[in-house]
Amino acid sequence: MQAFDTDVRDRIIKLVKGILEQNSLAVDIAPGARLVDIGLTSMDMVNLMLGVEAEFDFTIPQSEITPDNFQSVDTLVRMVASQLQPVKAA
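Residues numbered from 1 in each chain as written. Predicted model: local features only at pLDDT ≥ 70, side-chain atom pairs only at ≥ 80, totals over all residues. Heavy atoms only, no water.

Give a description of the packing of helix α1 (residues 2-22) against helix α3 (residues 73-84) that names residues and reports values.
Where α1 meets α3, the axes come as close as 9 Å, and the angle between the chain directions of the two elements is 125 degrees. Here α1 is positioned oblique relative to α3, judged by the angle of their axes. Crossing of α1 against α3: the hand is right-handed. Packed against α1, whose contacting residues are Phe4, Asp5, Val8, Arg9, Ile12, Ile13 and Val16, the element α3 presents Val73, Asp74, Leu76, Val77, Val80, Ala81 and Leu84 at the interface. Residues belonging to the contact of α1 with α3 are distributed by class as follows: 11 nonpolar, no polar and three charged. (Axes fitted to C-alpha atoms, helices over the stretch in contact; angles between N-to-C directions. Helix = DSSP H or I, 4+ residues; strand = E, 2+ residues; numbered from the N terminus. Parallel < 35°, antiparallel > 145°, perpendicular 65-115°, else oblique. Left-handed = near helix turned anticlockwise from the far one by under 90°. Contact = heavy atoms within 4.5 Å. Nonpolar A, V, L, I, M, F, W, Y, C, P; charged D, E, K, R; others polar.)

Which residues make up α1, and what values do they have?
With 21 residues, α1 extends 30 Å between its outermost C-alpha atoms, agreeing within 8% with the 30 Å of an ideal straight helix rising 1.5 Å per residue. Looking only at α1, the buried set comprises Val8, Ile12, Ile13, Leu15, Val16, Ile19 and Leu20. Projected onto a plane normal to the axis of α1, the buried residues spread over an arc of 160 degrees and lie on a single side. Away from its buried face by more than 90 degrees, α1 exposes Ala3, Lys14, Glu21 and Gln22. Of the surrounding secondary structure, the elements contacted by the buried residues of α1 are α2 (42-56) and α3. Note on α1: the residue one or two positions beyond its end, Ser24, has a positive phi of about 60 degrees. (Expected span 1.5 Å × (residues − 1). Buried < 20%, exposed > 50% of the residue type's maximum accessible area, 1.4 Å probe, protein only. Arc of directions from axis to C-beta.)

Any link to function would need more than the numbers given here.
What follows is the structure, given as C-alpha coordinates:
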(Lines give C-alpha, C1' and ligand atoms only; values in the text may rest on other atoms or scores of the structure.)
Protein backbone atom coordinates (compact mmCIF):
# COMPACT_ATOMS: atom_id res chain seq x y z
CA MET A 1 0.00 0.00 0.00
CA GLN A 2 2.81 2.41 0.84
CA ALA A 3 4.36 2.03 -2.63
CA PHE A 4 0.98 2.97 -4.13
CA ASP A 5 0.75 6.12 -2.00
CA THR A 6 4.36 7.04 -2.88
CA ASP A 7 3.61 6.65 -6.59
CA VAL A 8 0.47 8.79 -6.28
CA ARG A 9 2.40 11.44 -4.30
CA ASP A 10 5.21 11.57 -6.88
CA ARG A 11 2.75 11.93 -9.75
CA ILE A 12 0.85 14.73 -7.98
CA ILE A 13 4.10 16.56 -7.14
CA LYS A 14 5.05 16.33 -10.82
CA LEU A 15 1.70 17.89 -11.79
CA VAL A 16 2.12 20.71 -9.24
CA LYS A 17 5.70 21.39 -10.41
CA GLY A 18 4.51 21.55 -14.02
CA ILE A 19 1.89 24.16 -13.14
CA LEU A 20 4.40 26.19 -11.13
CA GLU A 21 6.92 26.04 -13.98
CA GLN A 22 4.29 27.44 -16.35
CA ASN A 23 4.10 30.38 -13.95
CA SER A 24 7.93 30.68 -13.94
CA LEU A 25 8.12 29.49 -10.34
CA ALA A 26 10.64 26.93 -9.11
CA VAL A 27 9.69 25.76 -5.64
CA ASP A 28 10.61 22.76 -3.52
CA ILE A 29 7.32 21.08 -2.74
CA ALA A 30 6.90 19.56 0.69
CA PRO A 31 3.95 17.13 0.68
CA GLY A 32 2.37 18.92 3.66
CA ALA A 33 2.85 22.46 2.33
CA ARG A 34 -0.30 24.41 1.51
CA LEU A 35 -0.57 24.70 -2.27
CA VAL A 36 -1.64 28.34 -2.13
CA ASP A 37 1.42 29.12 -0.01
CA ILE A 38 3.78 27.71 -2.64
CA GLY A 39 2.23 29.83 -5.39
CA LEU A 40 -0.84 28.11 -6.87
CA THR A 41 -3.68 30.47 -7.78
CA SER A 42 -7.36 29.55 -8.01
CA MET A 43 -6.95 29.02 -11.78
CA ASP A 44 -3.94 26.81 -11.08
CA MET A 45 -6.13 24.74 -8.75
CA VAL A 46 -8.61 24.19 -11.58
CA ASN A 47 -5.74 23.10 -13.83
CA LEU A 48 -4.48 20.83 -11.07
CA MET A 49 -7.91 19.25 -10.69
CA LEU A 50 -8.07 18.58 -14.43
CA GLY A 51 -4.50 17.31 -14.40
CA VAL A 52 -5.26 14.89 -11.56
CA GLU A 53 -8.30 13.59 -13.45
CA ALA A 54 -6.22 13.06 -16.62
CA GLU A 55 -3.21 11.59 -14.80
CA PHE A 56 -5.22 9.04 -12.85
CA ASP A 57 -7.95 8.49 -15.47
CA PHE A 58 -11.00 9.15 -13.30
CA THR A 59 -13.48 11.95 -12.73
CA ILE A 60 -13.29 13.54 -9.31
CA PRO A 61 -16.79 13.37 -7.82
CA GLN A 62 -18.33 16.79 -7.17
CA SER A 63 -18.51 15.98 -3.45
CA GLU A 64 -14.70 15.56 -3.37
CA ILE A 65 -13.92 18.92 -5.02
CA THR A 66 -13.44 20.75 -1.74
CA PRO A 67 -10.85 23.18 -0.39
CA ASP A 68 -9.87 20.55 2.20
CA ASN A 69 -8.95 18.01 -0.50
CA PHE A 70 -6.90 20.60 -2.42
CA GLN A 71 -4.96 22.00 0.55
CA SER A 72 -1.70 20.11 -0.03
CA VAL A 73 -0.11 17.24 -1.90
CA ASP A 74 -0.88 15.04 1.12
CA THR A 75 -4.60 15.85 1.08
CA LEU A 76 -4.71 15.19 -2.67
CA VAL A 77 -2.95 11.84 -2.20
CA ARG A 78 -5.59 10.79 0.34
CA MET A 79 -8.43 11.85 -1.94
CA VAL A 80 -6.99 10.14 -5.03
CA ALA A 81 -6.18 6.96 -3.09
CA SER A 82 -9.72 6.84 -1.70
CA GLN A 83 -11.14 7.15 -5.23
CA LEU A 84 -8.82 4.58 -6.80
CA GLN A 85 -9.14 2.11 -3.93
CA PRO A 86 -12.66 2.61 -2.58
CA VAL A 87 -12.74 -0.74 -0.77
CA LYS A 88 -9.94 -1.30 1.73
CA ALA A 89 -9.58 -4.40 3.84
CA ALA A 90 -9.97 -3.65 7.53
